[in-house]
Amino acid sequence: QVQLVESGGGLVQAGGSLRLSCATSGRFFSSYTMGWFRQAPGKEREFVANIPGNWTGGRPYYDESVKGRFTISRDNAKNTVYLQMKSLEPEDTAVYYCAATRGQARRASGEYDYWGQGTLVTVSS
């Protein structure tokens with residue numbers, strides 16, 4: 001069983017930055033595709049970014065709404081994936097979820113097998 005624990009959420013002013021972390025248990029972390037999703041109040045969960053497992057040779061992939069502002073990265077030695085968020089906007093306010101799958105995945109939440117409990121990010125105007 002893979003467990004994911006997010007941290008780093010909080011309250012920030014518009015234009016500010018936050019870094020989210022997702023610590024992952026289980027073996028073979030380096031092979032997992034890791035993703036970040038978010039869910040704003042009253043809205044459906046949406047894809048933010050993902051980073052493939054090392055075996056694929058693939059590159060990080062971002063939703064257009066965050067491209068150039070958010071950066072996803074991973075530290076396989078620490079079994080952790082990060083989401084660095086800059087130039088935050090009130091529209092980025094949401095609960096952010098970390099997700100993982102052993103296979104390849106893109107932006108559909110159904111492609112991911114494991115989920116964290118979420119961390120709240122609030123951006124004030």
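So, how was this worked out
- Residues numbered from 1 in each chain as written.
- Predicted model: local features only at pLDDT ≥ 70, side-chain atom pairs only at ≥ 80, totals over all residues.
- Heavy atoms only, no water.
- Pairing = 2+ DSSP bridges.
- Helix = DSSP H or I, 4+ residues; strand = E, 2+ residues; numbered from the N terminus.
- Axes fitted to C-alpha atoms, helices over the stretch in contact; angles between N-to-C directions.
- Salt bridge = Lys/Arg side-chain N within 4 Å of Asp/Glu carboxyl O.
- Buried < 20%, exposed > 50% of the residue type's maximum accessible area, 1.4 Å probe, protein only.

Undergrad: Which residues make up the sheet that holds strand 3 (residues 18-24), and what values go with them?
TA: With respect to topology, four strands assemble into an open sheet ordered 1-3-8-7, the strand pairing being antiparallel. The open sheet has two free edges, formed respectively by strand 1 (4-7) and strand 7 (70-75), since each of these has just one partner strand. The average angle at which neighbouring strand axes cross in this sheet is 15°, direction not considered.

Undergrad: Account for the pattern of salt bridges, naming residues and giving values.
TA: The tally for this structure, following the rule as stated, stands at five salt bridges. For Asp92, the salt bridge is made with Arg38, and the minimal N-O distance between the two is 2.9 Å. Separated by 54 residues along the polypeptide, Asp92 in the loop between strand 8 (80-85) and strand 9 (94-101) and Arg38 in strand 4 (residues 33-39) bring together distant segments of the chain. For Asp92, a relative accessible area of 1% translates into the label buried. Residue Arg38 is classed as buried on the basis of its relative accessible area, which comes to 6%. The shortest N-O distance in the salt bridge between Glu64 and Lys67 comes to 2.7 Å. One connected set of salt bridges, linked through shared partners, spans Arg38, Glu46, Arg69 and Asp92.

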